[in-house]
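Single-letter residue listing:
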Amino acid sequence: MSLFDWNSIAREAMTPLLTRQVIHTPLMTVSRLEMKAGAVVPVHSHHNEQITTVQSGCLRFLLKDGPVLVSAGQVLTLAPHETHGVEVLEDSVAIDLFTPRREDWISGDDAYLRGGKG
């Protein structure tokens, strides 16, 4: 068993508008994202299943079949390899869960989140 406290997990500034905190377990990654209005996560895909819970604010997910708004209290699931991007419409906090864990984040191969190409 492990106990974590978001208040004591380091915040990593991915861009001036997006900060990430991360917990990796052997099988999952959990992240807490603080995003300012206007932040963008470029369209990308990954082999991980993703569940996003929006705690506050509003996000526009850019999906193959069109945009989907996800607001506080709502949960969006994404299948592995599902192409998606995000536009932050309001200052927001979201929790993302991934399985399997994000090996690309562990290795630092996450340039798409840092404003670079990925």
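Residues numbered from 1 in each chain as written. Predicted model: local features only at pLDDT ≥ 70, side-chain atom pairs only at ≥ 80, totals over all residues. Heavy atoms only, no water.

**A short note on the pairing of strand 2 (residues 18-24)**
Burial analysis of strand 2 places five of its seven residues in the buried class, which makes it a mostly covered element. In terms of strand pairing, strand 1 (residues 12-15) meets strand 2 through three bridges, oriented antiparallel. Note on strand 2: the bridge partner recorded for glutamate 12 is arginine 20. Taken together, strand 1 and the strand that follows it, strand 2, pair antiparallel across an intervening segment of two residues. When strand 2 meets strand 3 (residues 29-35), the two strands line up antiparallel, connected through seven bridges. (Buried < 20%, exposed > 50% of the residue type's maximum accessible area, 1.4 Å probe, protein only. Helix = DSSP H or I, 4+ residues; strand = E, 2+ residues; numbered from the N terminus. Pairing = 2+ DSSP bridges.)

**Structural notes on the environment of valine 22**
Summarising the element assignment, valine 22 is placed in strand 2. Classification of valine 22 by relative accessible area gives partly exposed; the value is 21%. Through-space distance from the C-alpha of valine 22 to that of alanine 72 is 20 Å; in sequence the pair is 50 residues apart. Once residues within four sequence positions are removed from consideration, valine 22 is found in contact with Trp6, Ile9, Thr29, Val30, Ser31 and Trp105. (Contact = heavy atoms within 4.5 Å.)

Fair warning: the whole summary comes from geometry, so function is off the table for now.
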